[in-house]
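Reading the structure
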Amino acid sequence: MSQSIDEALTASENCGGGSQASSKMDVTEFLNEILAHGPVDVLEVERQARLAALLGDTKRIRESKAFREARKALGVQSKHEGFGPGSRYVLSLPGIPCAPS
């Protein structure tokens, strides 16, 4: 997974000016990579996005237009797992089976 993070960092650094279209493209590629092997906790997705310089330090992915557009384009699904303090939200791509817990 660190290889895809490095690729995302490189893509982000090479993106001159950070236009909206390239941001959505970078985010779409990032989400495809991170969700390719199954559901991922939304907090982990946000952590990895910050490391890849695709998300601000205090911003959530739901607050980012590029992430909202990329999620919609990819059909990313959000699911709440569990109850109470141990519950979490996970993101997944359609058609990617859930890994056993």
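Keep in mind the model is a prediction, meaning the values are calculated, not measured. Per chain, residues are indexed from 1 in the order of the written sequence. Confidence filtering applies because this is a predicted model: local features only for residues at pLDDT of at least 70, side-chain atom pairs given and counted only at 80 or more, and all residues used for totals across whole chains, interfaces and linings. Only heavy atoms go into the side-chain values, all of them from the structure, while hydrogens and water stay out.

Things to note about the sheet that holds strand β2 (residues 77-81)
Whether two strands pair comes down to DSSP finding at least two bridges between them. Comment: elements are numbered from the N terminus, with helices defined as DSSP H or I runs of at least four residues and strands as E runs of at least two. What the three strands build is an open sheet, ordered β1-β3-β2; its pairing is antiparallel. Strands with a single pairing partner mark the edges of an open sheet, and in this sheet they are β1 (40-41) and β2.

Observations regarding helix α3 (residues 42-51)
Those residues of α3 that sit buried are Val42, Val45, Glu46, Gln48 and Ala49. Here the buried residues of α3 occupy an arc of 165 degrees about the axis, which is enough to place them on one side. Pairing of N or O atoms within 3.5 Å defines a polar contact, subject to two protein rules: one partner must be a possible hydrogen donor and the other a possible acceptor, and residues neighboring in sequence count only if both atoms are side-chain atoms. If you check the start of α3, you find a side-chain oxygen 2.8 Å away from the backbone N of Leu43, and it comes from Asp41. The positive-phi residue at the C-terminal boundary of α3 is Ala53, with phi of around 60 degrees. Think of it in three bands: residues with accessible area under 20% of the maximum for their type are buried, residues over 50% are exposed, and the middle band is partly exposed, with areas taken using a 1.4 Å probe on protein chains only. Along the arc lie the directions from the helix axis toward the C-beta atoms.

A word on the nonpolar core
General note: in soluble globular proteins, nonpolar side chains tend to be found buried as a group. Here, nonpolar core refers to any group of buried Ala, Val, Leu, Ile, Met, Phe, Trp, Tyr and Cys residues whose side-chain atoms link them within 4.5 Å. In terms of nonpolar packing, the biggest core is built from 20 residues, with Phe30, Leu31, Leu35, Val45, Ile61, Phe67 and Leu91 touching the most fellow members. Taken together, the elements giving at least two residues each to this core come down to α2 (20-35), α3 and α4 (65-74). The element contributing the most residues to this core is α2, with five residues.

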